[in-house]
Amino acid sequence: MLQTKILPEKPARILVGLSGGADSVALLLLLREAGYEVEAAHCNFQLRGAESERDEQFVVRLCEENGIPLHRVRFDTQQEAHRRGVSIEMAARDLRYAWFEALRKERGAAAIAVAHHQDDANETLLLNLVRGCGIHGLTGMPTVNGHVVRPLLGATRAEILCYLAERGQAYVTDSTNAETLYKRNLVRHELLPLLERLNPSIRETLTAMRQRMAETAALYDKALAVEEAALFRPQANGGDIAIAALLHSCAPQSILTHLLGRYGFTPAQSAMIFGQLDSRTGACFDSPTHWAAIHRGQLEVRKRWPRIAPTPLPCPGTWQDADRFLHIAQGPAGPLSAIPRQPHVACLDADRTNGPIYIRSVEAGDRFTPLGMKGSKLVSDFLTNTHCSVIDKRHALVVCDDSGILWLVGHRPDQRAACTAATQRWLTLIYNENSNLKT
């Protein structure tokens, strides 16, 4: 019944998610019989009152009777769901797996085993199909997902119950499993019986379909990797998608959905972006974590940085915001030929600054006099003339003093504080978007 090929070598320690229901009880006992060192992990989500307490006490007795170490935790699941604005099911799932992973590390377990079986995987396929899914959604559930393994995916619910009956092993039943309020129960109790009227072998058909789709998905992933290598160029905190190459590919919208999905864009957002790929430069779209902007024949995807309010800079020292760093140093001036010429480095005359220096995001109306140019310019015009994308403009930072801008970060210093042959002290600023600060 166990799919042992996905399990670590014996005698590995395996953490087993144990609810007290038939599936998890069977999994715990099967793994122990197979020679693994098992430890049980039980979550009390405090959603079913006395029944939740009954389940926990059953699990305690089961582990005591079998000499199996047990770990327990209680969650205020309703409060967590309300705090995050998600469903109870989603909150419970996230709480469970986060705790499982923390416990796995603490206990040095090789894997976390959960008791999903063949019927669960078929129900997941149908749920994914109803919601609308891609090819991977039609594979049901993966047998291995990181450290999480599902050794019972090849077994049916009927086979699990038969195993427990032969052993005379008790288990608890969740009364909410009979309620069709939850979508999975609706599929289990109403949709699947209806499908069986159309196809009496629907469960076997769905299982075979999942297996075929798993192989198809593997081929799909291999083809995607080839297409991605041809049209996607990784960048710091994102990447660039060549629009012309994308549109000439065999499945442009699917490829775009795949690429943008890793940056938090939903399939619906990807479809909208795909429909606007012929838009002028400057069109910009956002996910919770990233921006995507059309710029000079490419779709640029970059991490969204928060706007920075005026923030004093240590001198000397390092300013940091998430993965953005600005290193500030001060020292005796050297020859002008020694001034670094990289755009992420600015060398200023420390004695020509006025008051403390600070960093902030660019604001509308900001002006400066770029080093080497005559007259002041709007920062926005300067960035446009240097072909910066709309994302670059949104991310732009300036270092200022009480008289105005000293440096448009990553571009040009202001003429006002430029170093000359008469400069006595250099103020050196080095910007980077990772921890490796270097000139």
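This one's a predicted model, so the numbers in the text were calculated from it and none came from an experiment.

**Notes on the overall build of the protein chain**
Item 1. A count of helical and extended segments in the protein chain gives 13 helices and 21 strands.
Item 2. The C-alpha radius of gyration computed for the protein chain amounts to 30 Å, which surpasses the reference 22 Å derived for 439 residues by more than 25%, pointing to a less compact arrangement than a globule.
Item 3. Once the C-alpha set of the protein chain is aligned to its principal axes, its extents read approximately 95 × 50 × 40 Å.
Item 4. Residues classed as buried in the protein chain amount to 44% of the 439 residues present.

**Points about the pattern of salt bridges**
Item 1. Throughout the structure, instances matching the rule amount to 31 salt bridges.
Item 2. A salt bridge links Arg 13 to Glu 39, with the shortest nitrogen-to-oxygen separation between them at 3.5 Å. Of the two residues, Arg 13 sits in strand β1 (residues 13–17) while Glu 39 sits in strand β2 (residues 37–44), which places them 26 residues apart along the sequence.
Item 3. Relative accessible area serves as the criterion here: at 24%, Arg 13 is assigned to the partly exposed category.

**Quick word on the sheet that holds strand β13 (residues 317–321)**
Item 1. The sheet built from 4 strands is open, its strands ordered β13-β14-β21-β15 with antiparallel pairing. In the strand order of this sheet, the two ends are held by β13 and β15 (345–349), each with one partner. For this sheet, the mean inter-axis angle between neighbouring strands, taken without regard to orientation, is 15°.
Item 2. Of the pairings in the sheet, the one linking strand β14 (residues 324–332) to strand β21 (residues 425–432) comprises 8 bridges and is antiparallel in character. By the bridge assignment, Gln 330 is partnered in β21 with Leu 427.

**Focus on the nonpolar core**
Item 1. Within the largest apolar cluster, 34 residues are counted, with the highest numbers of intra-cluster contacts made by Val 16, Leu 18, Leu 27, Leu 28, Leu 31 and Tyr 36.
Item 2. Contributions of two or more residues to this core are made by β1, α1 (22–33), β2, α2 (50–66), β4 (111–113) and α6 (157–167).
Item 3. With 8 residues, α1 is the single largest residue contributor to this core.
Item 4. Ignoring anything within four residues of it in the chain, the contact list for Val 16 reads Ser 24, Leu 27, Leu 28, Leu 31, Val 38, Glu 39, Ala 40, Ala 41 and Ala 113.
Item 5. Within the second largest apolar cluster, 20 residues are counted, among which are Leu 256, Leu 259, Ile 273 and Leu 299.

**Some details on the side chain of Asp 55**
Item 1. Within the secondary structure, Asp 55 is located in helix α2.
Item 2. Using a relative accessible area of 5% as the deciding quantity, one classes Asp 55 as buried.
Item 3. A distance of 2.5 Å separates the side chain of Asp 55 from the side chain of Arg 48, its partner in a polar contact.
Item 4. Asp 55 has contacts with Ser 19, His 42, Arg 48 and Val 172, leaving out every residue within four places of it along the chain.

**A short note on the side chain of Glu 51**
Item 1. Note that Glu 51 resides in helix α2.
Item 2. Residue classification places Glu 51 among the buried positions, given a relative accessible area of 16%.
Item 3. For Glu 51, the side chain forms a polar contact with the side chain of Arg 48, separated by 2.3 Å.

**Examining the sheet that holds strand β5 (residues 144–145)**
Item 1. Taken in spatial order, the 6 strands of this open sheet run β3-β2-β1-β4-β6-β5, and their pairing is mixed. In the strand order of this sheet, the two ends are held by β3 (70–74) and β5, each with one partner.
Item 2. By the bridge criterion, 2 bridges tie β5 to strand β6 (residues 148–149) in an arrangement that is antiparallel. When the bridges of β6 are listed, Val 144 appears paired with Val 149.
Item 3. Taken strand by strand, α2 contacts β2 and β3, and its axis lies near 165° from that of β3.
Item 4. Taken strand by strand, helix α4 (residues 88–107) contacts β1, β2, β3, β4 and β6, and its axis lies near 145° from that of β2.

**Considering the pairing of β2**
Item 1. When you tally the buried positions in β2, you get 7 out of 8 residues, the bulk of the element.
Item 2. Both β1 and β2 contribute to a ladder of 5 bridges, which runs parallel. Across the sheet, the residue bridging to Val 16 is Ala 40, located in β2.
Item 3. A crossover connection joins β1 to the parallel β2 through α1; in handedness this β-α-β unit is right-handed.
Item 4. Here 5 bridges tie β2 to β3, and the two strands are oriented parallel to one another. By the bridge assignment, Ala 41 is partnered in β3 with His 71.
Item 5. Handedness of the crossover joining β2 and β3 through α2 is recorded here as right-handed.

**A look at α4**
Item 1. Compared with the 28 Å implied by 1.5 Å per residue over 20 residues, the 28 Å span of α4 between its first and last C-alpha is a close match.
Item 2. For α4, the complete set of buried residues consists of Ala 91, Ala 92, Leu 95, Tyr 97, Trp 99, Phe 100, Leu 103 and Arg 104.
Item 3. As for α4, its buried residues are in contact with β1, β2, β3, α3 (77–84), β4 and β6.
Item 4. Of the residues one or two after α4, Gly 108 is the one with positive phi, at around 70°.

**So, the packing of helix α8 (residues 202–231) against helix α10 (residues 252–261)**
Item 1. As a packed pair, α8 and α10 sit with axes 11 Å apart at the nearest point and diverge in direction by 85°. Looking at the two axes, α8 sits roughly perpendicular to α10. In this structure, α8 contributes Tyr 220, Leu 224, Glu 227, Glu 228 and Leu 231 to the contact, and α10 contributes Ser 254, Ile 255, His 258 and Leu 259.
Item 2. Among the residues forming the contact of α8 with α10, the class breakdown is 5 nonpolar, 2 polar and 2 charged.

**What to know about the state of the cysteines**
Item 1. On inspection of all chains with the given rule, the structure shows 0 disulfides.
Item 2. Not part of a disulfide, Cys 250 finds its nearest cysteine sulfur in Cys 133, a span of 20 Å.
Item 3. Residue classification places Cys 250 among the exposed positions, given a relative accessible area of 71%.

**Points about the environment of Arg 32**
Item 1. Within the secondary structure, Arg 32 is located in helix α1.
Item 2. Taking relative accessible area as the criterion, Arg 32 reaches 31% and is therefore assigned partly exposed.
Item 3. Measuring from C-alpha to C-alpha, the distance between Arg 32 and Ile 68 comes to 9.1 Å, with 36 residues separating the pair along the chain.
Item 4. With near-sequence residues (within four places) excluded, Arg 32 lies in contact with Val 38, Asn 66 and Ile 68.
Item 5. At 2.7 Å, the side chain of Arg 32 forms a polar contact with the backbone oxygen of Asn 66.

How each quantity is defined
Residues numbered from 1 in each chain as written. Predicted model: local features only at pLDDT ≥ 70, side-chain atom pairs only at ≥ 80, totals over all residues. Heavy atoms only, no water. Helix = DSSP H or I, 4+ residues; strand = E, 2+ residues; numbered from the N terminus. Rg over C-alpha atoms; globule rule 2.2 N^0.38 Å. Buried < 20%, exposed > 50% of the residue type's maximum accessible area, 1.4 Å probe, protein only. Salt bridge = Lys/Arg side-chain N within 4 Å of Asp/Glu carboxyl O. Pairing = 2+ DSSP bridges. Axes fitted to C-alpha atoms, helices over the stretch in contact; angles between N-to-C directions. Core = buried A, V, L, I, M, F, W, Y, C linked by side-chain atoms within 4.5 Å. Contact = heavy atoms within 4.5 Å. Polar contact = N/O pair within 3.5 Å; in protein donor to acceptor, adjacent residues only side chain to side chain. Right-handed = clockwise from strand over helix to strand, strands pointing away. Expected span 1.5 Å × (residues − 1). Parallel < 35°, antiparallel > 145°, perpendicular 65-115°, else oblique. Nonpolar A, V, L, I, M, F, W, Y, C, P; charged D, E, K, R; others polar. Disulfide = S-S within 2.5 Å.

These figures come from the coordinates and say nothing about function on their own.
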